Amino acid sequence: MPKNTRIMPKTPRPLVVVLAYDGLCTFEFGVAVEIFGLPRPELGADWYRFAVASVDAGPLRATGGVRMMVDGGLELLAEADIVIVPGWRDSDALVPETLCTALHAAWARGCRLLSICSGVFVLAATGLLDGRKATTHWRYTETLRQRYPAIEVLDDVLYHDAGLLLTSAGSAAGIDLCLYVIREDYGLAVANSVARRLVVQPHRDGAQPQQLQRPVARPRESQTLGQLFDFLHQNLTLNHDTASLAKRAGMSPRTFLRRFSDCTGTTPARWLLNERLLRARDYLENSPLSVELIAEQTGFGSAALFRHHFRHMYSLSPSQYRKKFGFITQ
């Protein structure tokens, strides 16, 4: 067994409870259902149990006119090992006191509370995040900071683990956080199995920025720079400078820099560095290549320079990243 694969927890199986409410955000709710609510016989009999708890009395209407059926009310939180709060119905909407009380009681007995996107406003309303770090979608970070000044709001991370309180950014970052929880509970191999079934990347570190990592050309620039991007992807190991890239694009250096920035939101040097790091990370996750060979094949030239940039981006050395998340020799 790989040394970073954990033995799955013994019974009783952990109970995951996801909240439902009138005006439910269906994507975030669906993330919780897809990751924790589906039977996974290939992972054995000790997989999570799952239930849906209603916050509101009466019929629940979700986004898009969907009607919801639930397994129970807030009393389910008294049994939960993990409670998931999907995106809240509105950042300005009041959080019921009964919900705050139930969440506080669950946390006090050791239950993990996990929010996706604007669900952080529910956790914030309990007061449990005061004096702690938390994140949410970049659209809501300033609102969260102003409304709850006792929280240290992280502007540009995918998710944050503050012990029993886990918060994530936008909807897709909720998937990353849920996979992170599975890695913590069941190990890397199980988390990777779930990710493969979802057809998503097995791991994105929580410290990564929320902003799009691979900006692409706007439609009006696709013919002008599209071939250049293809060339760069195929030739990351070569040395590139502004003059040579501008010449290949058929532009003056000044025009090239302006249009490249318009298309990608960054400079050619920064874009190349990001692409090289992404390629290197793929090698670490999926191949047995040495760090020195990865540095050579991604255009860093030296292992020392590669390690420097990789640690700066991911807060881990390449070897640490591989040991924790990547390729494991049997």
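Look a little higher up for the structure.
A few points on the structure. Source: prediction; values computed, not measured.

## Notes on the packing of aromatic side chains
Working step 1: Per the counting criterion, the structure on display carries 14 aromatic pairs.
Working step 2: Aromatic side chains Y159 and Y180 sit 5.3 Å apart centroid to centroid with 40° between the ring planes, which places their arrangement in the tilted category. Here the residue Y159 occupies a position in strand β9 (residues 159–162), and Y180 occupies one in helix α5 (residues 171–186), the gap between them amounting to 21 residues.
Working step 3: Judged by its relative accessible area of 7%, Y159 is buried.
Working step 4: Residue classification places Y180 among the buried positions, given a relative accessible area of 15%.
Working step 5: Relative to W271, the ring of F260 has its centre 6.1 Å away and its plane inclined at 90°; by these criteria the two rings are edge-to-face.

## Some thoughts on the sheet that holds strand β10 (residues 165–168)
Working step 1: Here we have 6 strands laid out as an open sheet, ordered β2-β1-β5-β6-β10-β9, and mixed in their pairing. Of all the strands in the sheet, the pair left with one neighbour each is β2 (49–54) and β9. Adjacent strand axes in the sheet meet at a mean angle of 15°, parallel and antiparallel pairs treated alike.
Working step 2: As paired strands, strand β6 (residues 112–115) and β10 are joined by 3 bridges and run parallel to one another. Of the residues in β10, the one forming a bridge with L113 is L165.
Working step 3: Along the sheet, α5 contacts β5 (82–85), β6, β9 and β10; its crossing angle with β10, the most-contacted strand, is approximately 145°.

## Looking at the environment of Y186
Working step 1: Structurally, Y186 is set in helix α5.
Working step 2: Side-chain polar atoms of Y186 contact the backbone oxygen of D46, separated by 2.9 Å.

## Points about helix α13 (residues 318–325)
Working step 1: Along α13, the residues classified as buried are P318, Y321, R322 and F325. The buried residues of α13 occupy an angular sector of 100° when the element is viewed end-on, so they sit on one face.
Working step 2: In the core, the buried residues of α13 are packed alongside α5, α6 (188–198), α10 (268–286), α11 (291–297) and α12 (303–314).

## Some remarks on the environment of D92
Working step 1: With respect to the helices and strands, D92 occurs in the loop between β5 and α2 (97–108).
Working step 2: Between the alpha carbons of D92 and T143 there is a distance of 9.4 Å; along the sequence they are 51 residues apart.
Working step 3: Here the side chain of D92 touches R147 through a polar contact of 2.6 Å, side chain to side chain.

## Comments concerning unusual backbone geometry
Working step 1: The phi angle at C117 is positive, at roughly 60°, despite the residue not being glycine.
Working step 2: For C117, a relative accessible area of 7% puts it in the buried group.

Parameters and conventions
Residues numbered from 1 in each chain as written. Predicted model: local features only at pLDDT ≥ 70, side-chain atom pairs only at ≥ 80, totals over all residues. Heavy atoms only, no water. Phe/Tyr/Trp six-rings, centres within 6.5 Å; stacked < 30°, edge-to-face > 60°. Helix = DSSP H or I, 4+ residues; strand = E, 2+ residues; numbered from the N terminus. Buried < 20%, exposed > 50% of the residue type's maximum accessible area, 1.4 Å probe, protein only. Pairing = 2+ DSSP bridges. Axes fitted to C-alpha atoms, helices over the stretch in contact; angles between N-to-C directions. Contact = heavy atoms within 4.5 Å. Polar contact = N/O pair within 3.5 Å; in protein donor to acceptor, adjacent residues only side chain to side chain. Arc of directions from axis to C-beta.

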